[in-house]
Amino acid sequence: MLRHLTAASVLAILIAGPAVAAPRPLSAAEIALLNRVSWGASASSAADLATMGSDRWLERQLHPSPADRLPAEAQQEIDALAISHTPMATLVQALNDQNKAANLITDPDQKKVAQTAYQQAMTDLARQAATREILRDLYSPDQLQEQMTWFWFNHFNVHEYKANLRAMVGDYEETAIRPHALGRFRDLLEATLRHPAMLRYLDNADNAAGHINENYAREIMELHTMGVGSGYTQKDVQELARILTGVGIDANPVDPHLNPAHAADFVRAGLFEFNPNRHDYGDKLFLGHTIHGAGFSEVEQALDILARQPATATHISRQLAVYFVSDDPPQSLVDHMAQTFQRSDGDIAAVLRTMFHSPEFKASLGTRFKDPVHYSISAVRLAYDDKVILSTSPIQNWLNRLAEGLYNHETPDGYPMTEASWDGPGQMAVRFEIARQIGSGGAGLFKPDGPGAVDHPGFPTLQNALYYGGLSDTLGKPTLSALDQAASPQEWNTLFLASPEFMRR
């Protein structure tokens, strides 16, 4: 491995000073595993894997700590965000009041200013959510949990620019998705159903007896659980929509006046509400099961049925295999994962364990093309593992330019995970520019947000102990030859981050 060590790289290492080093070099297979299960290899994650070994490290990833274990600087940035200490219901109510006040203004110019301020306040809350997610993706040692949080958000997608969802996406990710990312699928399914972001996005807040809205019922079956062509009928969609009547949102602090016959069925938690006045109490026949009119317990029965459908086990297993293994994963692997899903009653960690220990998964290491989030996060993780960035705005901007902005996919199907979606010439040109920005300096990552902020650029040294302790062995001869001809450390960094090998995980 040391044959690639040039005088220039030695000088760069000496100038940079001591770096975090793994206790032992990692094999190419271990580097590939790290790149697949985490958001990308870094010195600290390599050290963890080298210390624990692959099997123990994988189990640690499948069963993360219940609390964040971030560097103090990153945790301080998260703790300073309004979304970290103010309940979503409080934020939404304040914004509702702000919007009402703006709409009451009669002067056109003043009204426009007030309405713009309202929109900016919502946008700021969404940016805070993205900041928290990015900092965790970059610096959390519980990398699989953070990756699965992103996966499940994409699976149960909501679009931040519908209605007031920008004020909700942070809480949706934090309370509905993240706690269940490696838990039971059934719990995750209900957590998303109970969240106002989902109910607003897919219009179930407008679903009431006599005014049925089928949007959410259809997407639960088509996208969230069983999948297209899995045997359910339009009648099943209609029956599920009836079951979901009354499941909605209420920002009014005063409870509604309830019909005494069903008043005991009223459910309220924050902005979530099950209003029996709006519910269809007739019996339903759903997927061959008779569900008697009983209020919110009907919803729970329907979710139990959906979560235990063999089609759901297959659909979820295929989605996971596409994300982690291949655009077209082997049916044998999907079947094996689906068996684990059914046997474990939807234990996500158990399904992932089956996949991680499969020969198909091991054979695929190093072949999956990185989507924009993977590419951007992995580049910054490698460059600044030991130096917490002060602004995530550049990363958010990169993702928007690469057409995979966080919380910004308009339709409920989420971003595609296939290679053809992300490997076009325009995409690669932007990636090269990002590689140059990161490789040549801080790229604005060390300039705090806000007026008058001073940039403190950092210069990453990618020719470090991790590179010579494993990363270099993953590179082909053309890439090694190009790196050897780099005229400066900045050019070397750019070429490495833009290399074909770095585009894959």
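Shown above is the structure to which this text applies.
Cut-off values and rules
Residues numbered from 1 in each chain as written. Predicted model: local features only at pLDDT ≥ 70, side-chain atom pairs only at ≥ 80, totals over all residues. Heavy atoms only, no water. Helix = DSSP H or I, 4+ residues; strand = E, 2+ residues; numbered from the N terminus. Phe/Tyr/Trp six-rings, centres within 6.5 Å; stacked < 30°, edge-to-face > 60°. Lys NZ or Arg CZ within 6 Å of the ring centre and 35° of its normal. Salt bridge = Lys/Arg side-chain N within 4 Å of Asp/Glu carboxyl O. Buried < 20%, exposed > 50% of the residue type's maximum accessible area, 1.4 Å probe, protein only. Pairing = 2+ DSSP bridges. Axes fitted to C-alpha atoms, helices over the stretch in contact; angles between N-to-C directions.

K.L.:
Can you lay out unusual backbone geometry for me, pointing to particular residues and giving the numbers?
P.N.:
Unusually for a residue other than glycine, Ala403 sits at a positive phi of about 70 degrees. Here Ala403 lies in the loop between helix H21 (393-401) and helix H22 (425-440). The phi dihedral of Tyr407 is positive, around 65 degrees, even though this residue is not glycine. Mapped onto the elements of the fold, Tyr407 is located in the loop between H21 and H22.

K.L.:
For the packing of aromatic side chains, give the residues involved together with the corresponding values.
P.N.:
Under the counting rule described, the total for this entry stands at 23 aromatic pairs. The rings of Trp39, Trp150, Phe151, Trp152, Phe156, Phe185, Tyr323, Phe324, Phe341, Phe356 and Phe361 are connected pair by pair, giving a single aromatic cluster. Directly above the ring of Phe502 sits Lys370, whose terminal nitrogen or CZ lies 3.6 Å from the centroid.

K.L.:
So what's going on with the pattern of salt bridges? Which residues, and what values?
P.N.:
Counted by the stated rule, this structure contains 25 salt bridges. Residue Arg60 is joined to Asp142 by a salt bridge in which the shortest nitrogen-to-oxygen separation is 3.2 Å. Of this pair, Arg60 sits in helix H4 (residues 54-62) while Asp142 sits in the loop between helix H8 (108-139) and helix H9 (143-155); the two residues are 82 residues apart in sequence, bridging distant segments of the chain. The class of Arg60 is partly exposed, set by a relative accessible area of 24%. Overall, the relative accessible area of 3% leaves Asp142 in the buried class. Taking the shortest distance from any N to any O, the salt bridge between Arg178 and Glu146 comes out at 2.7 Å. Of this pair, Arg178 sits in the loop between helix H10 (169-177) and helix H11 (185-193) while Glu146 sits in helix H9, placing them 32 residues apart in sequence. For the pair formed by Arg178 and Glu146, the shared burial category is buried. In this structure, a network of salt bridges that share partners links the residues Asp68, Arg132, Arg136, Glu146, Glu174 and Arg178.

K.L.:
Lay out the sheet that holds strand S3 (residues 272-274) with the relevant residues and their values.
P.N.:
Across the sheet, 3 strands lie side by side as S1-S3-S2; this open sheet has antiparallel pairing. With partners counted over all chains shown, the strands left at the sheet margins are strand S1 (247-249) and strand S2 (267-269), one partner each. Looking at each pair of strands side by side, their axes are set apart by 20 degrees on average, direction ignored. Sheet analysis places S2 next to S3, joined by 3 bridges and oriented antiparallel. Counted as the bridge partner of Val267 is Phe274 from S3.

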